[in-house]
Amino acid sequence: MSYPEKFSGFQAPSAEKWLEFKKGSWEPRPFGDNDVDIKIECCGVCASDVHTVRGDWGEVPYPLAVGHEVVGKVLRVGPKVTLAKVGQRVGVGAQVYSCLDCRHCKNNNETYCLDQVNAYGAPYPGTDYTTQGGYSSHARIHEYWVYPIPDSLASSDAAPMMCAGVTVYSPLRRFGAGPGTKVGVVGIGGLGHYAIMFAKALGAEVWAISRSRAKEADARQMGADGFLATSEEGWNEPHKMTFNLIISTASSFDGFQLSQYLSLLDVHGRFNLVGLPGGDGLKVSTFDFITNSCFIGASNLGSRREVLEMLDLAAAKGIKSWVKEIPISKEGIQKAIEELENSSVRYRSCLVAYDEAFEA
Ligand code: NDP
Ligand code: ZN
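Just so it is clear, the model here is predicted, and its values are computed rather than measured.

J.: Would you mind showing me how to read the overall build of the protein here?
T.: Looking only at helices and strands, one finds eleven helices and 17 strands in the protein. Computed over the C-alpha atoms, the radius of gyration of the protein is 20 Å, within 12% of the 21 Å expected from 2.2 N^0.38 for a compact globule of 360 residues. Along the longest, intermediate and shortest principal axes, the C-alpha atoms of the protein span 60 × 40 × 35 Å. Relative to its 360 residues, the protein shows a buried fraction of 48%.

Laid out in structure tokens, this is it:
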């Protein structure tokens, strides 16, 4: 395989033209002893990519290649690397650095390390490099954030698990989804479809909570035991105080029915947000908590340990991602973004055909 001096990718060029993805190239950061160079094969399209390039979360260091659901082949490893081998098929997600030394890092909480670095748009410690994501030819990643992919998982099925999958797997595991628990999933998109499948695989009773009935048949096929449509008057009434855990993957707070969602929770039940709409966020009232003493919180991605555990579970249980492959190009990326913005994606787009796009 050829080995480039520069990496190239489809970058959002500016705030005004954020949808006009343009091929650009850049010099990777210096190759470190623990680094792994990866030739990217495919990359999922996450709503976080859209929030970022659209500017929902603040200033963006354009030009920027986003994408943090990567699968590819290892081209080269640094002399101290023990966690990856040349030729191996590996994944990379939304985090690419933390100190690996603080209490949080040592407790499998590296996603909460004060020094954690995102896969794109972030300054990389000790360099003047701004991280670039997976809508690109190659990635240079510290081995700790490089995960071997089980043979039984196809690359484009495994790629979206690197962010969407582990972001819901982590709170499901941490907050006890399992036999005898009832779990709700708000928002049936990329993250939501994994939340249904993983909660089911962990043994919980799972209910999909969507804005309409359009996704009901799909959600049931994914394993949902029940389905609630929030457009229906009084939808929450028969289910009040029956859920142990609700994971919200909603990517917008327009018409978000927080009080109604919280009313579903049993005493001390937990509402965990993983969806990250920009803007002013949510308004909460003490009265939303007083009837059931419920908790509300949020979580960020998942640890290396959780990624490996999730991949094992997916392989063991034959969990199959619902993925639509799209050849990577400006138009392909625009199409994937449009389908995220209008919630029509079923249920994750994955950019493929990198060889053609990058003339490997
Ligand atoms: P998708 O667009 O695929 O799914 C989001 C779903 O949310 C939609 O399909 C829709 O489901 C639901 N939804 C959208 N708007 C609303 C609304 N106003 N009220 C209620 N539900 C709504 O996006 P992803 O799954 O890729 O990402 C979801 C969110 O998670 C994004 O905000 C993303 O940035 C965030 N994220 C957070 C991470 C973390 O670490 N915390 C990591 C990765 C992503 P339906 O049609 O069923 O109602
Ligand atoms: Zn993501």
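Once you've had a look at it, read on.
J.: Would you mind going over helix 4 (residues 164-174) with me for this structure?
T.: Side chains of residues three or four places apart in an α-helix project in the same direction, reflecting 3.6 residues per turn. The element helix 4 is largely enclosed, with a buried count of nine among its eleven residues. Every buried residue belonging to helix 4 is among Ala164, Gly165, Val166, Thr167, Val168, Tyr169, Ser170, Pro171 and Leu172, and all of these are buried. Turning to helix 4, the residues buried within the fold contact strand 3 (35-44), helix 5 (190-201), strand 13 (243-248), strand 14 (265-273), helix 9 (304-317) and strand 17 (348-352). Two residues or fewer past helix 4, Gly176 is found with a positive phi of approximately 85°.

J.: Which parts of the structure should I look at to understand the environment of Val60?
T.: Checked against the element boundaries, Val60 lands in the loop between helix 1 (47-54) and strand 4 (70-77). Considered as a pair, Val60 and Ala12 are 48 residues apart in the sequence and their alpha carbons are 9.6 Å apart.

J.: Please explain the sheet that holds strand 15 (residues 295-298) as it appears in this structure.
T.: In a beta sheet, neighbouring strands pair by backbone hydrogen bonds and run either parallel or antiparallel. Pairing within the open sheet is parallel, and its six strands lie in the order 12-11-10-13-14-15. Two strands lie at the open edges of the sheet, namely strand 12 (226-229) and strand 15, each paired on one side alone. Averaged over all pairs of adjacent strands, the angle between strand axes in this sheet comes to 20°, irrespective of strand direction. Here strand 11 (residues 205-210) pairs with strand 12 via four bridges, running parallel. Following the sheet pairing, Ala208 is matched in strand 12 by Phe227. Lying on the sheet, helix 5 is in contact with strand 10 (182-186), strand 11 and strand 13; it crosses strand 10 at an angle near 170°.

J.: Sorry, what's going on with the site of ligand 1 here?
T.: Ala47, Gly187, Gly189, Ser210 and Ala250 are the nearest of the 34 residues found near ligand 1. Within the residue set of the shell around ligand 1, elements represented by two or more residues are helix 1, helix 4 and helix 5. Across the shell around ligand 1, the residue classes tally to 15 nonpolar, 16 polar and three charged. Of the domains in this structure, domain 1 (7-163 + 322-358) and domain 2 (165-298) are the two that each give at least three residues to the shell around ligand 1.

J.: Is there a simple way to explain the packing of helix 4 against helix 5 in this structure?
T.: Packed helices, taken two at a time, are described by their axes: the angle between them and the distance between them. Packing of helix 4 against helix 5 brings their axes to within 8 Å, and their N-to-C directions diverge by 45°. When the axes of helix 4 and helix 5 are compared, the pair comes out oblique. You can see that helix 4 and helix 5 cross each other, and the crossing is right-handed. Note on element contacts: helix 5 touches helix 4 through Gly190, Leu191, Tyr194, Ala195, Phe198 and Ala199, opposite Ala164, Gly165, Thr167, Val168, Tyr169 and Leu172. In terms of residue class, the contact of helix 4 with helix 5 is made up of nine nonpolar, three polar and no charged.

J.: Got a minute to help me understand the environment of His138 in this structure?
T.: The topology assignment puts His138 in strand 8 (residues 138-142). Under the C-beta neighbour-count criterion, His138 is labelled buried, with 24 such atoms within 10 Å. Taking the C-alpha atoms as reference points, His138 and Lys39, separated by 99 residues in sequence, lie 4.6 Å from one another. When near neighbours in sequence (up to four residues on either side) are disregarded, His138 contacts Pro4, Phe7, Asp37, Ile38, Lys39 and Ile40.

J.: Explanation requested: the pairing of strand 17 in the structure shown.
T.: Each regular strand displays side chains that alternate between the two surfaces of the sheet. In terms of residue burial, strand 17 counts as a mostly covered element, since five of its five residues are buried. Judged by which residues are buried, strand 17 turns out to be covered on both faces: Arg348, Cys350 and Val352 on one side and Ser349 and Leu351 on the other are all buried. Taken together, the two bridges between strand 3 and strand 17 define a ladder with antiparallel strand orientation. Bridge assignment links Cys43 to a residue of strand 17, and that residue is Leu351. Across five bridges, strand 16 (residues 323-327) lies against strand 17 in parallel orientation. Paired with Val323 across the two strands is Arg348, which belongs to strand 17. Handedness of the crossover is the feature at issue here: the chain leaves strand 16, passes through helix 10 (residues 330-341), returns alongside strand 17, and the resulting connection is right-handed.

J.: What is the right way to read the UniProt feature "domain: Enoyl reductase (ER)" (unreviewed entry) in the protein from this model?
T.: Mapped onto the present numbering, the UniProt feature "domain: Enoyl reductase (ER)" (unreviewed entry) falls at residues 24-345. Between the end C-alpha atoms of residues 24-345 there is a gap of 27 Å, over a span that is 25% helix and 24% strand.

J.: Could you clarify how one ought to interpret the environment of Val185 in this entry?
T.: Structurally, the position occupied by Val185 is in strand 10. Under the C-beta neighbour-count criterion, Val185 is labelled buried, with 29 such atoms within 10 Å. Considering only alpha carbons, one finds Val185 and Ala224, 39 residues apart in sequence, at a separation of 9.4 Å. Ignoring sequence-local partners within four residues, the contact set of Val185 consists of Gly192, Ala195, Ile196, Ala199, Val206, Ala208, Ile209, Ile247 and Thr249.

So, how was this worked out
- All chains use their own residue numbering, which begins from 1 and follows the written sequence.
- Here chains are named by letter from A upward and ligands by number from 1 upward, in the order in which they appear as written.
- Where local features are concerned, this predicted model is filtered to residues with pLDDT of at least 70; where side-chain atom pairs are given and counted, the filter is 80 or more; whole-chain, interface and lining totals use all residues.
- Secondary structure follows DSSP: runs of H or I at least 4 residues long count as helices, runs of E at least 2 residues long count as strands, and numbering of each begins at the N terminus.
- To get the radius of gyration, use the C-alpha atoms; to get the globule rule, take the number of residues to the power 0.38 and multiply by 2.2 Å.
- Each residue is classified by how many other C-beta atoms fall within 10 Å of its C-beta atom, where C-beta atoms are placed from the backbone; a count of 20 or more means buried, 12 or fewer means exposed, and values in between mean partly exposed.
- Contact between residues is assigned whenever the C-beta positions, reconstructed from backbone atoms, fall within 7 Å.
- DSSP bridges decide pairing: two strands pair if at least two such bridges lie between them.
- Note on definitions: angles span 0 to 180 degrees between N-to-C directions of axes, and those axes are lines fitted to C-alpha atoms, for helices only across the stretch in contact.
- Proximity of a residue to a molecule or strand is defined by its backbone-placed C-beta atom lying within 6 Å of that partner.
- For this scheme, ten residues count as nonpolar: Ala, Val, Leu, Ile, Met, Phe, Trp, Tyr, Cys and Pro. Four count as charged, namely Asp, Glu, Lys and Arg, and the remainder, Gly too, count as polar.
- An automatic or database domain assignment supplies the residue ranges for each domain.
- These descriptions rest on fixed angle ranges, namely under 35 degrees for roughly parallel, over 145 for roughly antiparallel, 65 to 115 for roughly perpendicular, and the rest for oblique.
- Crossing chirality is assigned from the near helix's rotation relative to the far helix, an anticlockwise turn below a right angle marking it left-handed and a clockwise turn marking it right-handed.
- Think of it like this: strands point away, you trace from the first strand over the helix to the second, and a clockwise trace means the crossover is right-handed.
- UniProt positions are given in the numbering used here, feature names are shortened, and annotations may be inferred rather than shown by experiment.

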